[in-house]
Protein chains: 2
Amino acid sequence: MPNSLFLPTMLIDRISRPASLGEQPQAQVLPPALPSTLRRFRRGALLLCGLLLLGGAAEAEDIQSPNKQFTLSVNVQEGGVPTYSLTYKGRPVLKTSRLGLDLKNTTALTSGFTQTSAERRTFDETWQPVWGESKNIRNHYNELAVTLTQAQTNRVMRVRFRVFDDGLGFRYEFPQQKGLDYFTIKEERTQFALAGDHKAFWLPGDYDTQEYSTVTSRLSEVRGLMKAATTPNASQTPFSPTGVQTPLMLKSQDGLYINIHEAALIDYSAMHLELDDKNMVLESHLTPDAVGDKGLLQTPANSPWRTVIVSDKAGDILLSKLVLNLNEPTKFKDVSWIKPVKYVGVWWEMITGKSTWSYTNQDNIKLDSIDYRKVKPNGTHAANTAHVKEYIDFAAKHGLDGVLVEGWNTGWEDWFGKHKDYVFDFVTPYPDFDVQELSRYAASKNMKLIMHHETSGSVRNYERHLDTAFQFMNKYGYNAVKTGYVGDIVPLGHKHYDQWMINHYNYVLEKAAKYNIMVNGHEAVRPTGLSRTYPNLIGNEAARGTEYESFGGNNADHTTILPFTRLIGGPMDYTPGIFQTRISTFNPQNNSFVHSTLARQLALYVTMYSPLQMAADMIEHYNQHLDAFQFIKDVAVDWDDTRVLEAEPGDYITYARKAKGSPNWFVGSTCDERGRTSKIDLSFLEPGKKYVATIYADKKDAHYEKNPQAYQIRKQNVTSKTKLSQYCAPGGGYAISLMEAK
Amino acid sequence: MPNSLFLPTMLIDRISRPASLGEQPQAQVLPPALPSTLRRFRRGALLLCGLLLLGGAAEAEDIQSPNKQFTLSVNVQEGGVPTYSLTYKGRPVLKTSRLGLDLKNTTALTSGFTQTSAERRTFDETWQPVWGESKNIRNHYNELAVTLTQAQTNRVMRVRFRVFDDGLGFRYEFPQQKGLDYFTIKEERTQFALAGDHKAFWLPGDYDTQEYSTVTSRLSEVRGLMKAATTPNASQTPFSPTGVQTPLMLKSQDGLYINIHEAALIDYSAMHLELDDKNMVLESHLTPDAVGDKGLLQTPANSPWRTVIVSDKAGDILLSKLVLNLNEPTKFKDVSWIKPVKYVGVWWEMITGKSTWSYTNQDNIKLDSIDYRKVKPNGTHAANTAHVKEYIDFAAKHGLDGVLVEGWNTGWEDWFGKHKDYVFDFVTPYPDFDVQELSRYAASKNMKLIMHHETSGSVRNYERHLDTAFQFMNKYGYNAVKTGYVGDIVPLGHKHYDQWMINHYNYVLEKAAKYNIMVNGHEAVRPTGLSRTYPNLIGNEAARGTEYESFGGNNADHTTILPFTRLIGGPMDYTPGIFQTRISTFNPQNNSFVHSTLARQLALYVTMYSPLQMAADMIEHYNQHLDAFQFIKDVAVDWDDTRVLEAEPGDYITYARKAKGSPNWFVGSTCDERGRTSKIDLSFLEPGKKYVATIYADKKDAHYEKNPQAYQIRKQNVTSKTKLSQYCAPGGGYAISLMEAK
């Protein structure tokens, strides 16, 4: 990584110019003796001298964030190599980093460029999401669009940078042009040249799974830790000893928090990051398709945005709306059918091995020939009419919105790991699941059933059945579907995150929208803020959720990291709310346990933002702790405002959120395995008003492993002047409802 | 290839046993001292001695055809290797040939077998096809199903052989069993060990195209000729210097005609043949998918049938219904909507370069953003309303059934060779194609419009639009579709003939049937008799059709070979009827010419069997030769009876066919570049009846290149006693209608 040309950014900062549109080249300002790459140069003498002194290039543009804390510098270096660098409060965030792409069978778009124009503008709007963490979102940035021309090919590429008050987004744009109509990406060569050997919260880079435990280490330690970090998964394709996933959370030794991700992943393959651990340079690594190509584009086309969120306060990373802002506003005319959902489900009992998705114990079935009425039931099938009615009754009694039922449809006997093509038809219930009756029953209780479409990765099969499946949902009153992509993508060769699959996930969203159906995609690609454009994408998994507590467990600090990593792209259907954390109490075969206290399980409804929140435990466990369940009943799933009261990735997070259209607030806090005492003040409350705080907290002797159910609930009156000191047990947390006193 | 155990088949012939079902092993007849592989032996002493003298194996079964001309012998040889051999009239057709499959990541199904049962039966039925070359088809065979058990794995595989009076069909069957539920085929290892270095009519083996010119050579010459034979194609993946396609036509030095193909290709990849040119052994070579796998099966499952049609008369090969008989009867309840079709089309003018499929000359368009009303038309777009009406008028005036229109829909500007995903939507006409008006106009003239769905190989895109596209067809009265798969399959990695694509083609057939739509698949896999099961599959291309006459030409003997090769699997939409064979007369840019006389173009309606026959030339050319066009008007497209009057592959073919439900017959003859005089007798006519023969023939000075339009038409009265001597010019032919005299 040639970074000898890195300029002291304070220097550049001084000479940044106001935005102007459509500037023309000013070749006349250059002394004739300068090399031709210097034809365009539009800076003051100071910078010119600086560049010349450094022995090199060429064209440069810089631009600041509206609050002037960020300065982005774009340079075309010697050989026509486009680069950029970024500072925050005068401190280097990204050193000189190369831009460009390698193409298949044609000249790379990485060098030989001259800058032929630079356009600037300022943008400031405030918009309202259909659902979200706050009522209003401000989208405010200064934009610099640099047009680069490659003389050898006469091709034009534009790099559009948007500098926000909380970081940077940029993308490649390929205008329609004679010399570039269709092209195949061999690799994207976007660098993020870090200023040091940062602490990183990372997952092994993988084309097929995001379900790894986060490793916290210095970047220089990634290589040594990779093998152990790459734990088994139903489908996995790690690609490098230093490859990591996004969103990647970093913390510099001098206290800068940096998050790297992407926004608006459409018709492109998902980006990973390949680490050069000598120079601490991250470089984009796209997901290949079955023949190793990394994407076919047709001009005009854009890459997704590459995002760099930066702050010296950890909480600012959590509050950033940069990724959402870089997505397009929705084109949906009517969004009235999109509603946040709090739900229970027939699910945890299968994940923990207490009951089964399948209706029989056959191990080799064919949908088009099996007659389930003639096959012996296994007696462990959870999705039966009577049992589902219990969940409907419970949900209705406690004012929840919906009931998810998995394992309702035929085909589960050998759904997994077989690379089977015709694995499900998505419309045929098992004999003991009376869809008509349940549809009627749920409607009579004003309850929504939530559909489950496990595809088993057989994507063509799912697309073939999509219309019929959505029509079936419409017929029986389901308005949301949880999709699943467990196992290798069928046909083999495709990867969960290649362009073909990215296209598929978005196709499902668009098709679902036509049927007014909300989508919660599991094992699909990590979100990139697409819910702004497709607000029916109300959830994703795309990381280790609560299910892993049944497969050996998540680290106790897992939920102090996820909001800094996975959730940067969008909400996660984490499925919290497990009250009986010792699984062996109801399934002696399973010694796994939930690495959390009960109180923290409540906190997650606040700390793990999602408009779709499951109360994931079995209802018998809730009935044993209805006092604690009250918080799940009360907590909102949509918000007017959000504050971060404390945060440090890997250690603790405390959020306060104001319920949508309500004066009430909810606080949640989660900490790591060391426990701590949280000190917060309630100054976010409306001054002068009185609130009743109900505090659901760990007892002093609580511990996520040894004593997880030791919780206490206390009430106290509070105002905006109140300060609280609240204990979090190891692997614990607390939840507070703050209801306006009547 | 170990063939030292090949037994003189006359010996076996004598001791074949009657069919019996469910026979039990008779181990007790064996002397105790014999090796264990000889535990099961059920023959007379004569054969036992023969085997022992030959020093070897093991278990053996044989079975004869109903007419006793074929004897099949099945042996499990030393090491448990299953083999078979075949004789015809005592002459070896296939010497000892191995059976089995290599599997991925598990023990191969090629050795270690013992025969655990053998079941025999005789079957004789006569059935009526929905359309076909004869009213009744006899399906008569003796069957031997040999069950093989592999001790090491406890797996069971059955090989089912059917010996007909015209050859052999056999397939692998994999019953449902504990040890074999899902498995991936690494390669099928079915051998066809030929008895000599036969003359072969072959195409280069290729995963993506069948559009090669047939090469006629000895098998030993294949390797040397392969490179020149592998001519360029829009998508091609040759795989071996000795790989060839099926149907493969062979002729032995002693005059045996042998045809090797497959039947009922469903949920399996298409088979090619790999030649061991030292031993003259052909071995199956399946089409791999994107990761190199050759098929995933779930038990119970069967392979397609491997077929070997044999006769000492070439004409018998043409008349064989073995491939059809090995397909399952249709499950369609109502077939009244399936009707043979004679049609004209807006097509040849585009293929020859006179006009265009596309409406504009843009070279990079996006369906979701282009507004064709704002783009300049190129003025060469053939599928415009007025022009299509001319074709409707012509077809109606001359009593044809339909009009195909290509290039009617948006997207043709850059449809080809771009690996584009969203290339067509199949429902949006160009602005100058008024689908509503044309639908009305065609209906008013009792004419059917024929739909065209070019997919450009973008298969997911086609499947996504399939329902909408078929609904569009239903709405506008189209009842047949020509599909196309030009170019590489998208997503890349798939091949035109892999299991995933085979599944696709059949999916389209099933989906089309739900909409009462007939399908004519171009660039799809070569047919394997599936039209018995799916009678809406009324045509396929799957070889070089007339279009190649515009791309440099087909060999003059092309149509004397195709009925022996490509047509063994099913009808071909060859698109004959080109009267103006010199393309440069209407497109000076194109020097290609049709390698046929005009008279032969008429003959093709009889010699190239299809229920779907195009009069492919432009109507202005027909209007110049309405006397010759009369034959196209008269000729039937469905038949009660078919005879082969003369035939020699590569030299000449003369067919006589009796029109469906009519006393009239039609004769067609095509010969190679040498020309000849054909001597036929009309004894097939009903004795005692008088017929008027109209003979459309080459003049003496006709020649496919030098004088193609020199034809003469004469009438004469004939009876069943008439004998005719009829000249065929080089590259020529003749057509005769034989109408019952009123």
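If you're wondering where the values come from, they're calculated on a predicted model, not measured in any experiment.

The rules behind these values
Residues numbered from 1 in each chain as written. Chains lettered and ligands numbered in written order. Predicted model: local features only at pLDDT ≥ 70, side-chain atom pairs only at ≥ 80, totals over all residues. Heavy atoms only, no water. Axes fitted to C-alpha atoms, helices over the stretch in contact; angles between N-to-C directions. Helix = DSSP H or I, 4+ residues; strand = E, 2+ residues; numbered from the N terminus. Parallel < 35°, antiparallel > 145°, perpendicular 65-115°, else oblique. Contact = heavy atoms within 4.5 Å. Nonpolar A, V, L, I, M, F, W, Y, C, P; charged D, E, K, R; others polar. Least-squares fit on C-alpha atoms with pLDDT ≥ 70 in both. Buried < 20%, exposed > 50% of the residue type's maximum accessible area, 1.4 Å probe, protein only. Pairing = 2+ DSSP bridges. UniProt positions renumbered as here; feature names shortened; annotations may be inferred. Buried area = accessible area lost by both parts, 1.4 Å probe. Salt bridge = Lys/Arg side-chain N within 4 Å of Asp/Glu carboxyl O. Polar contact = N/O pair within 3.5 Å; in protein donor to acceptor, adjacent residues only side chain to side chain.

### Notes on the packing of helix α9 (residues 459–476) of chain A against helix α10 (residues 499–514) of chain A
Residue and element names in this part refer to chain A. Put simply, α9 and α10 touch, their axes get as near as 11 Å, and they point 5 degrees apart. Looking at the two axes, α9 sits roughly parallel to α10. Here α9 contributes V459, Y462, E463, L466, D467 and F470 to the contact with α10, which in turn contributes W500, M501, H504, Y507, V508, K511 and A512. In terms of residue class, the contact of α9 with α10 is built from nine nonpolar, one polar and three charged.

### Some points on the relation of the copies chain B and chain A
With an RMSD of 0.0 Å, the operation that places chain B on chain A is a rotation of 180 degrees combined with a shift of 0.0 Å along the axis. On this basis, the relationship between the two copies can be described by a two-fold rotation axis. In terms of proximity to the rotation axis, the leading residue of chain B is A290(B), whose C-alpha is 3.1 Å off the axis. Interface overlap between copies is the fraction of interface residues in one copy that are interface residues in the other; for chain B against chain A it reaches 97%, indicating a shared surface.

### What to know about the pairing of strand β30 (residues 652–659) of chain B
Residues and elements named next belong to chain B. Counted residue by residue, β30 has six buried out of eight residues, so it is predominantly covered. When strand β29 (residues 639–648) meets β30, the two strands line up antiparallel, connected through eight bridges. Within β30, the position partnered with V644 by the bridge is Y655. Hairpin connection between β29 and β30: a loop of three residues separates the two successive antiparallel strands, and G650 in this loop has a positive phi of roughly 90 degrees. Sheet topology note: the β30/strand β31 (residues 665–671) ladder contains seven bridges and is antiparallel. Paired with K658 across the two strands is W665, which belongs to β31.

### Focus: the environment of N139(B)
Residue and element names in this part refer to chain B. Looking at the secondary structure, you find N139 in strand β7 (residues 137–150). A relative accessible area of 2% means that N139 is categorised as buried. As a C-alpha pair, N139 and M157 span 18 residues in sequence and 25 Å in three-dimensional space. Apart from residues lying up to four places away in sequence, N139 is in contact with F123, D124, E125, W127, F164, N325 and R532.

### Details of the UniProt feature "domain: Glycosyl-hydrolase 97 catalytic" (unreviewed entry) in chain A
Mapped onto the present numbering, the UniProt feature "domain: Glycosyl-hydrolase 97 catalytic" (unreviewed entry) falls at residues 347–543 of chain A. Helix makes up 31% of residues 347–543 of chain A and strand 12%, with an end-to-end C-alpha separation of 18 Å.

### Digging into the interface of chain B and chain A
Listed by partner, the interface residues are 32 residues for chain B and 31 residues for chain A. Of the roughly 2900 Å² buried at the junction of chain B and chain A (both faces included), carbon and sulfur atoms supply 44%. Looking only at chain B, the three residues that lose the most surface to chain A are N364(B), R460(B) and R464(B), adding up to 22% of its buried area. The closest approach of N and O atoms between R464(B) and E463(A), which form a salt bridge, is 2.8 Å. The tally of links between chain B and chain A comes to 30 residue pairs in polar contact (both at pLDDT 80 or more).

### Points about unusual backbone geometry
Note the cis peptide between V490(A) and P491(A), where omega equals 10 degrees. With respect to the element layout, P491(A) can be found in the loop between β25 (480–484) and α10. Even without being glycine, N446(B) reaches a positive phi, approximately 60 degrees. Its location among the elements puts N446(B) in the loop between α8 (435–444) and β24 (448–454). Since its relative accessible area comes to 69%, N446(B) is described here as exposed.

### Quick word on the sheet that holds strand β22 (residues 341–346) of chain A
Residues and elements named next belong to chain A. The sheet built from seven strands is open, its strands ordered β27-β26-β25-β24-β23-β22-β28 with parallel pairing. Among the strands making up the open sheet, the edge pair consists of β27 (537–540) and β28 (612–615). With direction set aside, neighbouring strand axes in the sheet form an average angle of 30 degrees. With three bridges connecting them, strand β26 (residues 518–521) and β27 associate as parallel partners. By the bridge assignment for β27, N520 is matched with G539.

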